[in-house]
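# Analysis of the macromolecular model
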Amino acid sequence: MGDIARLIGQRFGLGLIILLAISIIIFFMVELLPGDIAQAVLGQSATEDNLAALRKEMGLDKPAVVRYLAWLKDAVLFDFGNSVVTQEKVTTIIGDRFLNTLFLAAYAAVIAVPVSIALGVVVALLRNSIFDRVANVVTLSFISSPEFFLGYILILYFSVNWGLFPAIASISEGMNFLQLLERTFLPALTLVLVVMAHMMRMTRAAIINLLASPYIEMAKLKGTPPWRVIVSHALPNAWAPIINVIALNLAYLITGVVLVEVVFVYPGIGQALVDAVSKRDFPVVQACCLIFASTFILLNLAADIGAILTNPRLRHPK
């Protein structure tokens, strides 16, 4: 148990160091963007006195390192400051939108994870068959296609040609759960098509690698049906790589939704990030980027912990 706690502690400490490095990159990359934020807020007709006053109010007259340390201290307390455009708290602006993004990611994950594992088991059973080859070609096509391209294709057929689902994923507080599922089906399906291929192919590869193991051969010699060999013997021992790829794809579902939310005009944190960049609302941009990075690091940490708990060689390293 002590080895597991030490390994988890090491992973967590490394995650904090990576997050600190990412926060430095985020802050100074935003600093390097061209243009004057005070000029963008006040407009071209602003006087020098007004610009100087706004820069002082926003702390822009201080050195970048001082401003970064102050921003980092507030970010640790989940205080990302105020929007320079609306003067609202950044946490208020992105709070509900982040929940919307989590809902969309969960919606896609509920569909993608079980379907991907089931398809991975089936194509492992039918490896080198026509079904296996067709499944590989189709999934590789989805992996190779950009999200916005898949989104527009789905809009063309499901919305324009067939009229089954709305093209714009607009949601409101008065919607019931079924209406919410209907409005967000196309963006969720876009994400499912992108991430399902990775999980299915990893499940297939992990199971096929185990089929040559001695205990699998023994189960076959005993007359165990092929489906039971995979489900009862191979799949439980393949969980470590499968859990890793599932966690990484869940991280992508949350951090990679920017293009999907823009295509379907979905009010998530990705859309908020795009709007903030276009308006040069730097506090919102920094907060969104830091949230994306934190989510990705946490889910990678969960993947590491899952791999440790499911693999005895990692639980008891020599």
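None of these values were measured; they are calculated from a predicted model. (Residues numbered from 1 in each chain as written. Predicted model: local features only at pLDDT ≥ 70, side-chain atom pairs only at ≥ 80, totals over all residues. Heavy atoms only, no water.)

To continue, consider the overall build of the chain. The secondary structure content of the chain amounts to 16 helices and zero strands. With 318 residues in all, the chain has 39% of them scored as buried. Here the analysis covers contacts within the chain between residues at least 6 apart in sequence; of these, 72% occur between residues at least 24 apart. For the chain, the accessible surface area stands at approximately 17,100 Å², while carbon and sulfur atoms represent 68% of it. Side-chain charges of the chain comprise 22 positive and 20 negative groups, with the mean position of each set lying 16 Å from the other. (Helix = DSSP H or I, 4+ residues; strand = E, 2+ residues; numbered from the N terminus. Buried < 20%, exposed > 50% of the residue type's maximum accessible area, 1.4 Å probe, protein only. Contact = heavy atoms within 4.5 Å. Areas by Shrake-Rupley, 256 points an atom, 1.4 Å probe, with all protein chains shown as cover. Lys, Arg positive; Asp, Glu negative; His and termini not counted. Charge placed at Lys NZ, Arg CZ, Asp CG, Glu CD.)

Our focus in this paragraph is the side chain of T101. Relative to the helices and strands, T101 is located in helix α5 (residues 90-125). A relative accessible area of 0% places T101 in the buried class. Apart from residues no more than four positions distant in its own chain, T101 is found in contact with I254, V257, E261, Y266, G268, I269 and G270.

Attention now goes to the packing of aromatic side chains. Summed over the entire model, instances satisfying the criterion amount to eleven aromatic pairs. On the basis of an interplanar angle of 45° and a centroid distance of 6.1 Å, the ring pair of Y68 and W71 is categorised as tilted. A residue pair is termed a helical-turn pair when its members lie 3 or 4 positions apart in one helix, as Y68 and W71 do in helix α4 (residues 64-76) at three residues. What makes Y68 buried here is its relative accessible area of 6%. In this structure W71 comes out as buried when scored by relative accessible area, which is 8%. When the ring of F158 is compared with that of F165, the centres are 6.2 Å apart and the planes differ by 50°; the resulting orientation is tilted. Pairwise contacts between aromatic rings join Y157, F158, W162, F165 and F185 into one cluster. (Phe/Tyr/Trp six-rings, centres within 6.5 Å; stacked < 30°, edge-to-face > 60°.)

Among the nonpolar cores identified, the biggest contains 45 residues, and L191, M199, I207, I242, I246, L253 and F264 are the most heavily contacted of them. Every element with two or more residues in this core is listed here: α5, α7 (147-161), α9 (185-210), α10 (214-221), α11 (226-237), α12 (239-255) and α13 (258-263). Ranked by residues supplied to this core, first place goes to α9 with 13 residues. Excluding residues within four positions of it along the chain, I242 makes contact with I117, T203, A206 and L235. (Core = buried A, V, L, I, M, F, W, Y, C linked by side-chain atoms within 4.5 Å.)

With 17 residues, α12 extends 24 Å from end C-alpha to end C-alpha; this agrees with the ideal 24 Å at 1.5 Å per step. Within α12, the full set of buried residues consists of A240, I242, V245, I246, A247, N249, A251, L253, I254 and T255. (Expected span 1.5 Å × (residues − 1).)

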